[in-house]
Amino acid sequence: RSAGIVGAPFSKGQSRGGVEDGPERIRAAGLQRGLQELGCAVKDYGNLTFEDMSRDEPLGLLKSVRAVGAANQKLSQAVRAVKEDGHTAVVLGGDHSLAIGSIHGHSAAVGELSVVWVDAHADINTPLTTCTGNIHGQPVSYLLHELRSKVPVLPNFSWLKPCVSAADVVFIGLRDVDPAEHYILKMLGVKTFSMSEVDQLGVARVMEETCDYLSARGKKPIHLSYDIDAIDPSVAPATGTPVVGGLTYREGVYITEHLCQTGLLSAVDLVEVNPLRGQTEEDVRSTVSTAIDLLLGCFGRVREG
Ligand SMILES: N[C@@]1(C(=O)O)CN(C[C@@H]2CCCCN2)C[C@@H]1CCC[B-](O)(O)O
Ligand SMILES: [Mn+2]
Ligand SMILES: [Mn+2]
Ligand SMILES: [Mn+2]
């Protein structure tokens, strides 16, 4: 295996400062060494730089549209290059709006792909259903063919074309879904495993059903988009929108171990680590350490040694 790391120190998809420090904190805690100890080759492409937008007035409710569009265009090109260099892409966030560019660039390189979205939230609001205007709550709607008519062309987004089919997406960890998002998920028949199903089925069965569901549609490369807020705040508190009742550390790692074993994992985002949202240094350490262990699980680390 080989990993191509891209840092996306981006925060304009939401309104809390600090998430732009995620990439550096994850690197500083030893991601590269951890991957190398697994026998994984690692190329670190560094952090993308995102220029400040002077005028980026809200568009209706939508905040920082131009900044989010420009950043994701850059990220798309970067992820495409990492894939064309033959690596499994590792995108370090930054807020979850960066999944727009990450998945778009991944698809530009590999064509059709499937998406496993691990998150407390569905992030599938459209520009018209969002209640907050934060684009980190909307990335999935920008990527789905079926929602093309619901996403207007926005400034700095003319480069973006939908590239994912709703039937190729699986959500795991949902526990804070807006009414409009719930409607969209039902209308499109998207496969979801909320925390209720995680409790009901257990994580092993959730992963079995996830992989059966995805492989029934052909063995497409898998894009894992992992929002650290999927993990319970008792374990990963340093994040922008924590929600109680999340995945245990063990469940979170099991998900990545299982996806690694498919051999189809082609890109992973690890987003929403926000050091400023920890109340203590231990809060930050625990959150960052969990993020690293999730990523190591993607590259073959198994707890049996
Ligand atoms: N759906 C949301 C949106 O802003 O659109 C609203 N929600 C916060 C809201 C607080 C009050 C109770 C209902 N939830 C956050 C979510 C986005 C999370 C983005 B992610 O990347 O962290 O997943
Ligand atoms: Mn998210
Ligand atoms: Mn979330
Ligand atoms: Mn968040």
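Further up the page is the structure itself.
In short, a report on the structure. Fair warning: this is a prediction, and the values are worked out from it, not measured in the lab. (Residues numbered from 1 in each chain as written. Chains lettered and ligands numbered in written order. Predicted model: local features only at pLDDT ≥ 70, side-chain atom pairs only at ≥ 80, totals over all residues. Heavy atoms only, no water.)

Regarding the site of ligand 1
Looking at ligand 1, there are 15 residues lining it, with D123, T132, D178, D227 and D229 nearest. One nitrogen or oxygen atom from the side chain of D123 is found 2.6 Å from an oxygen atom belonging to ligand 1. The separation between an oxygen atom of ligand 1 and a polar side-chain atom of T132 is 2.8 Å. When isolated, ligand 1 has an accessible area of 530 Å², and the protein chains bury 74% of it. Across the shell around ligand 1, the residue classes tally to no nonpolar, 7 polar and 8 charged. (Near = heavy atom within 4 Å. Polar contact = N/O pair within 3.5 Å; in protein donor to acceptor, adjacent residues only side chain to side chain. Areas by Shrake-Rupley, 256 points an atom, 1.4 Å probe, with all protein chains shown as cover. Nonpolar A, V, L, I, M, F, W, Y, C, P; charged D, E, K, R; others polar.)

Some remarks on empty space enclosed by the protein
Enumeration over the complete set of coordinates arrives at 1 cavity of 30 Å³ or more. By volume, the largest cavity is sized at about 40 Å³. Along its surface, the largest cavity is lined by I103, V115, W117, V140, L143, L144, V164 and V169. Elements represented by at least two residues in the lining of the largest cavity include exactly β4 (114-118) and α5 (139-143). Of the residues in the lining of the largest cavity, the class split is 8 nonpolar, no polar and no charged. (1 Å grid on protein atoms, 1.4 Å probe; cavity = no way out; pocket = protein on both sides within 12 Å on 5 of 7 lines; lining within 4 Å. Points joined across faces, edges and corners; volume = space filled by probe spheres on them. Helix = DSSP H or I, 4+ residues; strand = E, 2+ residues; numbered from the N terminus.)

Digging into helix α4 (residues 99-110)
Relative to the 16 Å expected for 12 residues at 1.5 Å per residue, α4 spans 16 Å between its end C-alpha atoms, a close match to the ideal helical length. Taking burial as the measure, the 12 residues of α4 include 9 buried ones, the bulk of the element. Listed in full, the buried residues belonging to α4 are A99, I100, G101, S102, I103, H104, G105, H106 and S107. As for α4, its buried residues are in contact with α3 (65-84), β3 (88-93), β4, α5, β7 (222-227) and β8 (265-271). One or two residues past the end of α4 sits G111, with phi positive at roughly 80°. (Expected span 1.5 Å × (residues − 1). Buried < 20%, exposed > 50% of the residue type's maximum accessible area, 1.4 Å probe, protein only. Contact = heavy atoms within 4.5 Å.)

Side note on the sheet that holds β7
One open sheet accounts for 8 strands, arranged β2-β1-β3-β8-β7-β4-β5-β6; its pairing is parallel. Looking along the sheet, the strands with just one partner apiece sit at the ends: β2 (41-47) and β6 (191-194). The average undirected angle you get between the axes of adjacent strands in this sheet is 15°. On the sheet, helix α8 (residues 203-215) packs against β4, β5 (169-174) and β6 and is oriented at approximately 165° with respect to β5. Where helix α10 (residues 281-298) meets the sheet, its contacts fall on β3, β7 and β8, and the angle it forms with β8 comes to roughly 175°. (Pairing = 2+ DSSP bridges. Axes fitted to C-alpha atoms, helices over the stretch in contact; angles between N-to-C directions.)

Some remarks on the pattern of salt bridges
Applying the stated criterion to the full structure yields 11 salt bridges. As a salt-bridge pair, R27 and D44 come within 2.6 Å of each other at their nearest N and O atoms. With R27 in helix α1 (residues 22-28) and D44 in strand β2, this residue pair connects regions lying 17 residues apart in the sequence. Accessibility expressed as a relative area gives 18% for R27, which makes it buried. A residue is classified by how much of its surface remains accessible, and D44, at 30% relative accessible area, is partly exposed. A salt bridge links E84 to R80, with the nearest nitrogen and oxygen atoms 2.9 Å apart. Of the two residues, E84 and R80 both sit in helix α3, 4 residues apart, roughly one turn of that helix. Its relative accessible area of 53% is what places E84 among the exposed residues. Salt bridges sharing partners connect three or more residues here, namely E112, D168, R217 and K220. (Salt bridge = Lys/Arg side-chain N within 4 Å of Asp/Glu carboxyl O.)

What to know about the packing of α8 against helix α9 (residues 249-262)
Direction vectors running N to C along α8 and α9 enclose 35°, while the axes themselves pass 10 Å from each other. As α8 packs across α9, the resulting crossing turns out to be right-handed. Seen from α8, the contacting residues are V203, A204, M207, E208 and C211; seen from α9, they are E251, Y254, I255, H258, L259 and T262. For the contact of α8 with α9, a count of residues per class yields 7 nonpolar, 2 polar and 2 charged. (Left-handed = near helix turned anticlockwise from the far one by under 90°.)

Scope: geometric values only; no functional claims are made or implied.
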